[in-house]
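Examining the three-dimensional arrangement
So you can see what is in the structure, the chains are spelled out below.
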Amino acid sequence: MKFATLAVHAGQRPDPQTGAVNVAVSLTSTFQMDGIGKLRNGFEYARSDNPSRRALETTIAALEGGKHALSFASGQAASTAVLDLLEPNDEIVTTSNIYGGTYRLFHKVYQKYGITVRVAEKTTPESIQAALSEKTVLVWTESPSNPLLTLLDLAETAERIQKFRNKKGEKPLLLVDNTFPSPAFQNPLALGADIVSHSCTKYIGGHSDVIGGAVVVNDETLWQQLKFYQNAGGAVQGPMDCYLLQRGLRTLPLRMKKHEENAYRVAEFLRGHAQVEEVFFPGFEDFPNHQLVAKQMRGLPGIVSFKIRGDLETVHRFFAGLRLFILAESLGGVESLLCHPASMTHAALPESERQKVGITDNLIRLSMGIEDADDLIDDLQNALEIVNN
Ligand SMILES: *Cc1c(COP(=O)(O)O)cnc(C)c1O
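Looking now at the layout of surface pockets. A probe as big as a water molecule, rolled over the atoms, marks out the empty space that is left. Approximately 620 Å³ is the volume attributed to the largest pocket. Looking at the largest pocket, it is lined by 20 residues, and the ones nearest its centre are Asp15, Pro16, Asn41, Phe43 and Pro51. Here the second largest pocket defines a volume of roughly 390 Å³. Surrounding the second largest pocket, 15 residues form its lining, Leu85, Glu170, Leu173, Leu222 and Gln225 being those nearest its centre. For the lining of the second largest pocket, the element with the highest residue contribution is helix α8 (residues 220–233), accounting for three residues. Here the residues of the lining of the second largest pocket are counted per class, giving six nonpolar, two polar and seven charged.

Turning to the environment of Asn231, a few remarks are in order. Inspection of the secondary structure puts Asn231 in helix α8. Taking the C-alpha atoms as reference, Asn231 lies 8.4 Å from Asp49; in sequence the two are 182 residues apart. One polar contact links Asn231 to Ser48, side chain to side chain, over a distance of 3.0 Å.

Neighbouring the ligand are 13 residues, the closest being Gln76, Asp177, Ser199, Thr201 and Lys202. Contact distances for the ligand include 2.9 Å between an oxygen atom and a backbone N or O atom of Gly75. Thr201 is positioned with one of its side-chain polar atoms (N or O) 2.6 Å from an oxygen atom of the ligand. Protein chains shield 92% of the accessible area of the ligand, which is 380 Å² for the free molecule. Split by residue class, the shell around the ligand holds two nonpolar, eight polar and three charged.

What follows concerns helix α12 (residues 312–321). Listed as buried for α12 are Thr314, Val315, Phe318, Phe319 and Gly321. The buried side chains of α12 occupy one side of the element, clustering within an arc of 160° when seen end-on. Buried residues along α12 sit in contact with β11 (303–308), β12 (326–327), β13 (337–339), β14 (363–367) and α14 (373–388). Two or three places before Glu313, at the start of α12, stands the capping residue Asp311, its side-chain oxygen 3.2 Å from that residue's backbone nitrogen.

Bringing unusual backbone geometry into the picture now. If a residue is not glycine, its phi is most likely negative; likewise, a peptide bond is most likely trans. Backbone torsion omega between Ser143 and Pro144 reads -10°, so that peptide bond is classified as cis. Position of Pro144 relative to the elements: it lies in the loop between β6 (136–142) and α6 (154–162). Here the bond from Asn146 into Pro147 is cis, since omega is 5°, no more than 30 degrees from zero. Looking at where Pro147 falls in the secondary structure, it is placed in the loop between β6 and α6. Despite not being glycine, Asn289 shows a phi value in the positive range, around 60°.

Here we take up the pairing of strand β3 (residues 68–72). β3 sits mainly inside the fold: five of its five residues count as buried. In this sheet, strand β9 (residues 213–217) lies alongside β3 in antiparallel orientation, the contact comprising five bridges. Note on β9: the bridge partner recorded for His68 is Val217.

On to the side chain of Ser133, then. Topologically, Ser133 is positioned in the loop between α5 (125–131) and β6. Residue class for Ser133 comes out buried when judged on its relative accessible area of 12%. There is a polar contact of 2.8 Å between the side chain of Ser133 and the side chain of Glu91.

If you trace the seven strands from one edge of the open sheet to the other, you get β3-β9-β8-β7-β6-β4-β5, paired in mixed fashion. Looking at strand neighbours, the two that pair on one side only are β3 and β5 (116–119), the edges of this open sheet. Strand-to-strand twist of the sheet, defined as the mean angle between neighbouring strand axes without regard to direction, takes the value 20°. As paired elements, strand β4 (residues 91–94) and β6 share four bridges and run parallel to each other. Within β6, the position partnered with Val93 by the bridge is Val139.

Where helix α2 (residues 51–64) meets helix α9 (residues 239–250), the axes come as close as 8 Å, and the angle between the chain directions of the two elements is 30°. When the axes of α2 and α9 are compared, the pair comes out roughly parallel. Our pair here, α2 against α9, has a crossing hand that is left-handed. Listed contacts from α9 to Ser52, Arg53, Ala55, Leu56, Thr59, Ile60 and Leu63 of α2 are Pro239, Cys242, Leu245, Gln246 and Leu249. Considering only residue class, the contact of α2 with α9 consists of eight nonpolar, three polar and one charged.

Here we come to the domain arrangement of the protein. Each assigned domain of the protein is listed here: domain 1 (3–250) and domain 2 (252–388). Computed from C-alpha atoms alone, the centre-to-centre distance between domain 1 and domain 2 is 26 Å. Taken over both partners, the interface formed by domain 1 and domain 2 buries close to 3500 Å², and the fraction arising from carbon and sulfur atoms is 64%. It is Leu151, Phe185 and Tyr203 in domain 1 that bury the most area against domain 2; as a group they hold 25% of the surface buried on that side. Viewed at the interface, domain 2 and domain 1 are joined by one salt bridge. Its salt-bridge partner being Lys295, residue Asp153 comes within 2.6 Å of it at the nearest N-O pair. At the level of secondary structure, the elements contributing two or more residues to the side of domain 1 that touches domain 2 comprise α1 (3–9), α4 (100–109), α6, α7 (182–185) and α9. Across the side of domain 1 that touches domain 2, the residue classes tally to 23 nonpolar, 15 polar and four charged.

How each quantity is defined
- Residues numbered from 1 in each chain as written.
- Predicted model: local features only at pLDDT ≥ 70, side-chain atom pairs only at ≥ 80, totals over all residues.
- Heavy atoms only, no water.
- 1 Å grid on protein atoms, 1.4 Å probe; cavity = no way out; pocket = protein on both sides within 12 Å on 5 of 7 lines; lining within 4 Å.
- Points joined across faces, edges and corners; volume = space filled by probe spheres on them.
- Helix = DSSP H or I, 4+ residues; strand = E, 2+ residues; numbered from the N terminus.
- Nonpolar A, V, L, I, M, F, W, Y, C, P; charged D, E, K, R; others polar.
- Polar contact = N/O pair within 3.5 Å; in protein donor to acceptor, adjacent residues only side chain to side chain.
- Near = heavy atom within 4 Å.
- Areas by Shrake-Rupley, 256 points an atom, 1.4 Å probe, with all protein chains shown as cover.
- Buried < 20%, exposed > 50% of the residue type's maximum accessible area, 1.4 Å probe, protein only.
- Arc of directions from axis to C-beta.
- Contact = heavy atoms within 4.5 Å.
- Pairing = 2+ DSSP bridges.
- Axes fitted to C-alpha atoms, helices over the stretch in contact; angles between N-to-C directions.
- Parallel < 35°, antiparallel > 145°, perpendicular 65-115°, else oblique.
- Left-handed = near helix turned anticlockwise from the far one by under 90°.
- Domains from an automatic or database assignment.
- Buried area = accessible area lost by both parts, 1.4 Å probe.
- Salt bridge = Lys/Arg side-chain N within 4 Å of Asp/Glu carboxyl O.

Written out as structure tokens, the structure reads:
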């Protein structure tokens, strides 16, 4: 079945007992057993597995074209379960363009357990390959990246890792944080990734009302290992949140199209404005690696970042002039949001690191909602004019 059909039906067929067309919110922490070691319907204790979560995991796996998904209480909890696979002296290879919270998890949490992080010099398959060492067990990537939307050729990255063996004789796992494109626009497992991770808080939920996360894999052993850490750590998605995420997923293909359309309109507008220094949008034909959009994606998320001509004071004035865009962390909701990466999403990066990556004080990230693009452009236009007065 095609994506839009799976979004509505995978993991969410009518309840055989009641005929209810929606998956019931399974408000139970535990399940009656038929005897010692005898589970009635495969469920035992809700942290380990429950009908609401299983339904959501089935939907997410189907949408990513993967065999198994596991859902967590947040994107960070999903990342944590993946990092739990590592042992002291293992190494993660990553790029400088990753989510600030991931950077923090690597450096402030897992580093103290003896896990090292090596950052590839450039966000390219060659550079990632060059960074692999005998200690590398995990390669952590994001494309398009947060917040500069840097594109990485995922199939080529997978191919370059394919033949590499670390000192355990294993191929390093390739993880792609697929939060930005969402499963609607990019499916990294099909491009050779071993693990896809999501912050479901963003496009999957789509209504800014849930914090959630997920990982998707094909490999049975890897799934069992991650499932073990999901249950052991216990940072699982609650049943009500599972329901909300599943409801969000049903309209994911529709929403993504509108987010994308708005992003193209707003990016074009910004590019033509004198108060704007630079616009980051992979849809531009002169954007670095623009050809990867057609090669590995079916569309672009509604994210446009730009540098305003001016300093932090200019940014403050611009924000104050907005009437529609809401200043807030996060992205991917139906309402348009904007954020200041240097002080918000990427505040966990040291100043020097931020400068190196290009997250300057005049960088602003927009997350287009599903409003009318004309109104979004009017709002930006007005605020950009106020800046000058
Ligand atoms: C938000 C985000 C995360 C973290 O997810 P939470 O749900 O906030 O824990 C990870 N990666 C990316 C790319 C994100 O945007």
